[in-house]
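Understanding the architecture of this molecule
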Amino acid sequence: MCVLTIFFQNFQRNKIFQSFKIFYLFKTNQVNQLYKIFYSYILTEKQLEENSFPKWFDNTASINETQTNQQKKLAIIPNLNPSQQTKKLDNIKKLATTPNDQTAAIMNQTCKRCNKTFQLRSKDYFYLTSNSECIFHWGKLRNVRVDKAIEHKYSCCSGGMDSQGCDTGKHVYDGIYNGNGNGLNLTGYVQVSLLSNEEDTKLSNNVYALDCEMCYTTKGLELTRISIVDMHLNEVYESLVKPDTQILDYNTRWSGLTEESLKNCNKKLKHVQSDLMKLFNKNTILIGHSLESDFKALKLIHTNVIDTSVVFPHKMGAPYKRALRNLMSEFLQKIIQEDVQGHDSKEDAAACVSLMIWKINEDLRSKKFANIFK
Ligand SMILES: [Zn+2]
Ligand SMILES: [Zn+2]
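This part covers the packing of helix α11 (residues 324–332) against helix α12 (residues 345–365). Remark: α11 packs on α12, axes separated minimally by 10 Å, with the N-to-C direction vectors making an angle of 40°. Relative to α12, the element α11 lies oblique. In the crossing of α11 with α12, the sense of the turn from one axis to the other is left-handed. Residues Leu324, Leu327, Met328, Phe331 and Leu332 of α11 lie in contact with α12, whose contacting residues are Asp348, Ala351, Ser354, Leu355 and Trp358. Its residues assigned to classes, the contact of α11 with α12 comprises eight nonpolar, one polar and one charged.

Another aspect to go through is α12. Helix length check: α12, at 21 residues, gives a terminal C-alpha distance of 31 Å against a target of 30 Å (1.5 Å per residue), a fit within 8%. The positive-phi residue at the C-terminal boundary of α12 is Lys367, with phi of around 60°.

Below, the discussion takes up the nonpolar core. Ranked by internal contacts, the top residues of the largest apolar core, which has 69 residues, are Ala209, Ile287, Val353 and Met356. Element by element, the count of residues in this core is highest for α12, at 10 residues. Those residues in contact with Val353 that sit more than four places away from it in its chain are Ala209, Val229, Met231, Leu233 and Ile287.

What follows covers the environment of Asn59. Assignment of secondary structure puts Asn59 in the loop between β1 (55–56) and α5 (67–72). Each C-alpha atom of the pair Asn59 and Ala75 lies 9.1 Å from the other, and the pair is 16 residues apart in sequence.

In this model, Asn115 sits at a positive phi of 70°, which is unusual for a non-glycine residue. With respect to the helices, strands and loops of the structure, Asn115 is situated in the loop between β4 (106–110) and β5 (117–121). On the basis of neighbour count, Asn115 is assigned to the exposed category, with 9 C-beta atoms found within 10 Å. Positive phi, close to 50°, is recorded for Lys299, a residue that is not glycine. Its 23 C-beta neighbours within 10 Å are what place Lys299 among the buried residues.

Glancing now at the pairing of strand β9 (residues 149–154). Bridge count between strand β8 (residues 141–146) and β9: six bridges; the pairing is antiparallel. Its bridge partner being in β9, Leu141 is matched across the sheet by Tyr154. Between β8 and β9, which follow one another and run antiparallel, lie two residues, and Asp147 among them has a positive phi close to 50°.

Looking now at helix α8 (residues 269–279). Restricting attention to buried positions, one finds in α8 the residues Leu269, Val272, Gln273 and Leu276. Along the axis of α8, the buried residues cluster in a sector spanning 100°; they form a single face. The elements touched by buried residues of α8 are α5, β11 (190–191), β13 (220–230), β14 (235–240), α9 (291–298) and β17 (300–301).

Topologically, Tyr177 is positioned in the loop between β10 (167–169) and β11. Under the C-beta neighbour-count criterion, Tyr177 is labelled buried, with 23 such atoms within 10 Å. Distance in space between the C-alpha atoms of Tyr177 and Ile76 is 8.3 Å, their sequence separation being 101 residues.

All right, on to the environment of Lys36 then. Looking at the element boundaries, Lys36 is found in helix α3 (residues 31–39). Sequence separation between Lys36 and Phe369 is 333 residues, and the spatial gap between their C-alpha atoms is 9.3 Å.

A residue-level look at the chain finds 80% of positions with pLDDT of 70 or above and a mean pLDDT of 83. The low-confidence segment residues 88–99, where pLDDT is below 50, has 15 contacts with residues more than four positions distant or belonging to other chains.

Criteria and cut-off values
Residues numbered from 1 in each chain as written. Chains lettered and ligands numbered in written order. Predicted model: local features only at pLDDT ≥ 70, side-chain atom pairs only at ≥ 80, totals over all residues. Axes fitted to C-alpha atoms, helices over the stretch in contact; angles between N-to-C directions. Helix = DSSP H or I, 4+ residues; strand = E, 2+ residues; numbered from the N terminus. Parallel < 35°, antiparallel > 145°, perpendicular 65-115°, else oblique. Left-handed = near helix turned anticlockwise from the far one by under 90°. Contact = placed C-beta atoms within 7 Å. Nonpolar A, V, L, I, M, F, W, Y, C, P; charged D, E, K, R; others polar. Expected span 1.5 Å × (residues − 1). Core = buried A, V, L, I, M, F, W, Y, C linked by C-beta atoms within 7 Å. Buried ≥ 20, exposed ≤ 12 C-beta atoms within 10 Å, placed from the backbone. Pairing = 2+ DSSP bridges. Arc of directions from axis to C-beta. pLDDT = per-residue confidence, 0-100.

Right, here's the structure in full:
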């Protein structure tokens, strides 16, 4: 079948290939030219910082070290707003009755769902059974018109702002991040070494999209699934991941994952990191939506990043971000995340690539890539 026929078939079926030029590059797999085009959208150092992408605490130290050495180093999450920072370290208390017993030391955290304070044993982050039940609304507060007035109602159960929650579970939090590198989850990070894969030129111009699912553990949000697709939307990597720490909530409604789905999973974060270090090199471009949260879950530091939440900004500017599903329905008239089983990280990763191809099509019309097509 000639390229032109496929182009017109795709044109009708899928609006992402509006330009013959970009379609031709994809069809003939002109990796170097495609790489150059994608590269023009990567975040600047300032944008990485503004969007709180993890980086090394000591920037000079870690990129040429082995994975094991890197994992001992400290990362920081820059530019966290105060609501994302955890008030910790000053709230570790010892129970007065047993002043010498470290096992009795407890740590207070604030639940992100119900705002109640809950306690973890600070030695091992054990979730204390004495904690109250978390009663919460899983939906978002929305403005709803009732008669002629606007009321705030939860999307989960249409309950009002002050109504009793419609779901119950354990208290949860995002993890401990204070922005200064003192956070609990800020060790164990890895970055593709500048020395690794250097001679492997086949890998040097890869563009991948990545999306993760997370669950709540006693250490905050942790990785439970990762999906990676390439720029042709082919699956490159797919894995479930079992957190090391006690799981408080599988986030089944969003992640689609349950206790059952992780029961026979032996893959841990460190195994995934090793796989990624073989798959990526320093030139690899990673595409995602609010990718900083995936990087935090993966404990990954990488700087060639395209973030669709930045490429398609909210009209009110940062820190507001547009939802991926809204971008997909607006620009590609495609409905995603409709599945009652929760998000599909592979679908979301593919959505980010499709959005970028749409964007490239648009920019081709304005001759943005004139130098690449000389
Ligand atoms: Zn709670
Ligand atoms: Zn509710």
